[in-house]
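Observations on the three-dimensional arrangement
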Amino acid sequence: MEKSFNNDFMMPFFVANDSLRPVMNHIHNEGNGFVYAADGHTLIRMPEEMLCKTYQKIEKYPNAEKLLNEAINRKENKTYTLRTDDLIEMLTHAEWYYLTSSDPCPKCSGEGTETCDYCGVDHDCPDCQGDGSCRTYIKDFSLLSEAETFLIGLGNACYKATYLQKVAIAAKLSGADEITYLTTDDKESAGIFRFNGINILVMPYYYHMAERIHYMTIKKQ
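Residues numbered from 1 in each chain as written. Predicted model: local features only at pLDDT ≥ 70, side-chain atom pairs only at ≥ 80, totals over all residues. Heavy atoms only, no water.

**Some details on the pairing of strand 12 (residues 191–195)**
Heads up, the rule is: We call a residue buried when its accessible area falls under 20% of the maximum for its residue type, exposed when it is over 50%, and partly exposed in between, using a 1.4 Å probe and counting protein chains only. A helix here means a DSSP run of H or I that spans at least four residues, while a strand means a run of E at least two residues long, and both kinds are numbered starting from the N terminus. Between any two strands, at least two bridges found by DSSP are needed for them to pair.
Counting buried positions over the 5 residues of strand 12 gives 4, a clear majority of the element. Inspection of the sheet shows strand 11 (residues 178–183) paired to strand 12 by 3 bridges, in the antiparallel sense. By the bridge assignment for strand 12, Tyr181 is matched with Phe193. Between the antiparallel neighbours strand 12 and strand 13 (residues 198–202) lie 2 residues, among them Asn196 with a positive phi of about 50 degrees.

As structure tokens, then:
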């Protein structure tokens, strides 16, 4: 495991900016040989020997080690491999959308269904596809942090693309060509991304939140 300023550089990407959880607005040295940063959605654990700077212990910091170990040691884990460049390519070329408005569908008055004039049977509204709302999207590459509707599917789980951006940046900075990915069949369980001694936990987003899901091919180990 090589010491590098690249490792120090990636840590702040995982730090929270949250007035409700001020302890997570810092990089935390647990004193167990590892340094942590978390924002409530992503969590990185870095071996202290790989960092060039010195970090302090933050009082009342969440038990990040316990959370990581529970996910890493799940009996249900399945192990996959994904190439760092493939993840970066997907994040770069997939379409990012920003939701600008959501109003009741004028055709079905927000009901999501219409009654057929011929057979009297209800069916999904053709204008809103049964959603009940008319949503307006714009492509905007300056609003990636707000692109709630863009998810990447890895195995059975989906992740917000901006969370996986952090994984891709960290992997590239560390020089990792491949990332080991641990997941389960439970789409609500956290995913673990591992490379070059670094472990990153990412919380999934649920399918019903996704307007657009881009699935990535991954190789099972």
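There is more to say, and it comes next.
**A short note on the pattern of salt bridges**
For clarity, the cut-off: By salt bridge we mean one thing: a side-chain nitrogen of Lys or Arg within 4 Å of a carboxyl oxygen of Asp or Glu.
For the structure shown, the criterion picks out 8 salt bridges. Note that Asp18 is salt-bridged to Arg21, the shortest N-O span being 2.9 Å. With a relative accessible area of 33%, Arg21 lands in the partly exposed category. With its nearest N and O atoms 2.7 Å apart, the salt bridge here joins Asp85 to Lys172. You can see Asp85 sitting in helix 3 (residues 84–93) and its partner Lys172 sitting in helix 4 (residues 161–174), a full 87 residues away along the chain. On the basis of relative accessible area, Lys172 is assigned to the partly exposed category, the value being 49%.

**Focus: the packing of aromatic side chains**
So the rule is basically this: Planes of paired rings set the category: under 30 degrees apart is stacked, over 60 is edge-to-face and the rest tilted, where pairs are Phe, Tyr or Trp rings (Trp by its six-membered ring) whose centres lie within 6.5 Å.
Taken as a whole, this structure holds 6 aromatic pairs when the rule is applied. Ring geometry for Phe9 and Phe13: centres 5.7 Å apart, planes at 75 degrees, overall edge-to-face. Residue Phe9 is classed as exposed on the basis of its relative accessible area of 52%. In this structure Phe13 comes out as partly exposed when scored by relative accessible area, which is 34%. Residues Tyr181 and Phe193 carry aromatic rings whose centres are separated by 4.9 Å and whose planes lie at 20 degrees to one another, so their mutual orientation is stacked.

**Observations regarding the pairing of strand 4 (residues 78–83)**
Bridging between strand 4 and strand 11 involves 6 bridges; their strand directions are antiparallel. Residue pairing for strand 11: Tyr80 is matched across the bridge by Tyr181. Here strand 4 runs beside strand 15 (residues 219–220); their pairing, made up of 2 bridges, is antiparallel. Within the sheet, the bridge partner assigned to Thr81 lies in strand 15 and is Lys219.

**Quick notes on helix 4**
Short version of the rule: The length a helix should cover is 1.5 Å for every residue beyond the first.
Over its 14 residues, helix 4 runs 20 Å from end to end, which matches the ideal 20 Å to within 8%, given 1.5 Å per residue. When you tally the buried positions in helix 4, you get 10 out of 14 residues, the bulk of the element. Residues of helix 4 that are buried: Ala161, Thr162, Tyr163, Leu164, Lys166, Val167, Ala168, Ala170, Ala171 and Ser174. Phi turns positive one or two residues past the end of helix 4, at Gly175, with a value near 80 degrees.

**Quick word on the sheet that holds strand 15**
Test applied: By definition in these notes, contact holds between two residues if any of their heavy atoms fall within 4.5 Å. Note on definitions: angles span 0 to 180 degrees between N-to-C directions of axes, and those axes are lines fitted to C-alpha atoms, for helices only across the stretch in contact.
Taken in spatial order, the 8 strands of this open sheet run 1-2-3-13-12-11-4-15, and their pairing is antiparallel. Lying at the two open borders of the sheet, with one neighbouring strand each, are strand 1 (28–29) and strand 15. Helix 2 (residues 64–72) rests against strand 2 (34–38), strand 3 (42–47), strand 11, strand 12 and strand 13 of the sheet, and its axis sits at about 100 degrees to strand 3.

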